[in-house]
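Close look at the chain arrangement
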Amino acid sequence: MKIKLFYIIPVLLLSFVTLQAGVKVGAERLDILLPLLQQKRVALVVNHTSQVGNIHLLDTLRALDVNVKTIFSPEHGFRGDADAGKTIKDGRDEKTGIPIVSLYGRNKKPTCTQLQDIDVILFDIQDVGARFYTYISTMHYVMEAAAECGKEMIVLDRPNPNDFVDGPVLLDSMKSFVGMHPIPVLHGLTVGELARMINGEGWLKNRMKTDLTVIPVEGWKHGDSYSLPVKPSPNLPNMQATRLYPSLCLFEATQVSIGRGTYFPFQVIGYPDPEWGSFSFTPRSLVGYDTSPVQKDKACYGIDLRDSVFEGGFTLRFFIDAWNKAGKKSSFFQRPRWFDLLMGTPQVRRLLVEGKSEAELRKLWQPELNKYKQMREKYLLY
C-alpha cells in the first residue's frame, strides 16, 4: 500500500457517516478490510449495489491501490441494468479496463483457471432476503469455487431489507438456481449470515468449507428497518416494490402482470379483463426495466398497491385473490413447475387448487419453519 492511502481513508469515512447515518455496511469498514487485502490479488463479485458511500467499491479499492484483477458479475450484470433472466456476457469495465466475467449464463461458477492469479475473492452485493433472489445462488457457487480452488473469501455484509422468517422451507427435490438451500422464502439472514450457514451446515458440494471471513455491518441489528440506498435490480425501484417482491414474485408463474414494463413494477397486479379491477395500466417495452414484459402492449385491469400500507413479510393473499378472480382454473398456472420451484415445494400449489386457505397452508409449512428458526440462531451476527 502506498502512503496516499492514509489521506484518502478519512475522506471516505466522512462520506459514510453523511450518507449512511448510524449504519456502516461491511464495505465501509475499511479499517478492517484493507489489512486483509495487503499484498493480495483480489477478485470482486459485485454489481451496481456495491457502493462505499456514493462511490463504487471497485473505484474505492483502486484509489487505495488494492490490486483488483478480475470482476465477476451476477444476474443483471455489473451495472445492474440487464433484464431478468437475460444472459450476461463477459467483457471489460469501460472505466478501468479490468476484465468482467459473467456468472449468469453458461458459467455460473468461477473456474480454477479464472482464479489462478487470485488470492482472495471479495463478495459485496445487496440481497433482499428472498430465497429466489439469485444473488445468493451466485454467492453459493463462488463459495464452492473458493473451496475447490483453495482461495480465501470475504463477504462484505449488508442489512436485510426484508428481515422476516416466513414461508415453506425448500425441499431437496426443488433445488434450482432460484432455490439452492433448505431455507424458507424469507430466510431472515444477511448474506454474511447465510454464508456462515452454508459453510456450517455443509451445503457446498462434497460438504467442502470455504476459508470465509465476514465483515459485519455496524449500527444495525435484526428487527431494525433499512431502506436501500440503491435499487437492487431493475424491477425493484423502491422500498414498496422490495417489500412486495417476495409475495408478488409468485405471479411470474402465471400470465398475470405485476407491473413489469411499467415504472412501478412489483407494485400493481393486473390482467387484460376489466372484471379484475378499476385500476388500469399497459405494460410496454421499457429499457432499464423490462423489454419483454408479460401482457406487453395490452391494457391490464386490477389493483394499485403503490400507496397501500403493506406490513412486509410473505403472504399468499394477493395470489389467492387473483386465483379466485381467474375462476380457479388450472390454466392459471401457466408454468406450474416454476411456481413449485419458487415456493420450494409442490404441495402449496396442489392444496391451493383444492381450495385450502392461507391459514391452512401455513399450518403445512410451520413445523419445518420452526426447525429452521432454531438452526438459524447458530449463525446470527446481529
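Predicted, not measured: the structure shown is a model, and the values here were computed from it.

Below, the discussion takes up the sheet that holds strand β5 (residues 91-92). Spatially, β5-β6-β4-β1-β7-β8-β11 is the arrangement adopted by the seven strands of the open sheet, whose pairing is mixed. Looking at strand neighbours, the two that pair on one side only are β5 and β11 (211-215), the edges of this open sheet. Taken together, the five bridges between strand β8 (residues 152-156) and β11 define a ladder with parallel strand orientation. Its bridge partner being in β11, V155 is matched across the sheet by V214.

This brings us to the sheet that holds strand β12 (residues 268-271). Spatially, the three strands line up as an open sheet ordered β12-β14-β13, and their pairing is antiparallel. Of all the strands in the sheet, the pair left with one neighbour each is β12 and β13 (279-281). Sheet twist, expressed as the average angle between the axes of neighbouring strands with direction ignored, equals 40°. One ladder, built from four bridges, connects β12 with strand β14 (residues 300-304); its direction is antiparallel. Its bridge partner being in β14, V268 is matched across the sheet by D304.

Turning to helix α10 (residues 358-376), a few remarks are in order. The largest bend along α10 measures about 45° and falls at Q366, with the proline P367 one to four residues further on. For α10, the full list of buried residues reads E358, L361, W365, L369, Y372, M375 and R376. As for α10, its buried residues are in contact with β9 (165-169), β10 (184-187), α5 (191-200), α7 (317-325), α8 (336-343) and α9 (347-353).

Right, let's get into the packing of aromatic side chains. Applying the stated criterion across every chain, the model contains 22 aromatic pairs. Where Y133 meets Y135, the ring centres are 4.9 Å apart and the plane angle is 70°; that geometry is what we call edge-to-face. The exposure class of Y133 is buried, given its relative accessible area of 4%. Under the relative-accessibility criterion, Y135 is labelled buried at 2%. With 5.5 Å between their ring centres and 70° between their planes, W220 and Y382 make a pair best called edge-to-face. Here Y382 lies in the segment after α10 and W220 lies in the loop between β11 and α6 (239-248), a separation of 162 residues in the sequence. Taking the relative accessible area as the measure of exposure, W220 reaches 5% and is therefore buried. Aromatic rings pair up to connect F251, F319, W323, F332, F333 and F339 into one cluster. Just above the ring of Y104 sits the side chain of K108; from NZ or CZ to the centre is 5.4 Å. Above the face of the F264 ring, R306 is positioned so that its terminal group lies 4.1 Å from the ring centre.

Cut-offs and rules
Residues numbered from 1 in each chain as written. Predicted model: local features only at pLDDT ≥ 70, side-chain atom pairs only at ≥ 80, totals over all residues. Heavy atoms only, no water. Pairing = 2+ DSSP bridges. Helix = DSSP H or I, 4+ residues; strand = E, 2+ residues; numbered from the N terminus. Axes fitted to C-alpha atoms, helices over the stretch in contact; angles between N-to-C directions. Bend = angle between axes of the 7 residues up to and from the residue. Buried < 20%, exposed > 50% of the residue type's maximum accessible area, 1.4 Å probe, protein only. Contact = heavy atoms within 4.5 Å. Phe/Tyr/Trp six-rings, centres within 6.5 Å; stacked < 30°, edge-to-face > 60°. Lys NZ or Arg CZ within 6 Å of the ring centre and 35° of its normal.

By themselves, these figures tell us nothing about what the structure is for.
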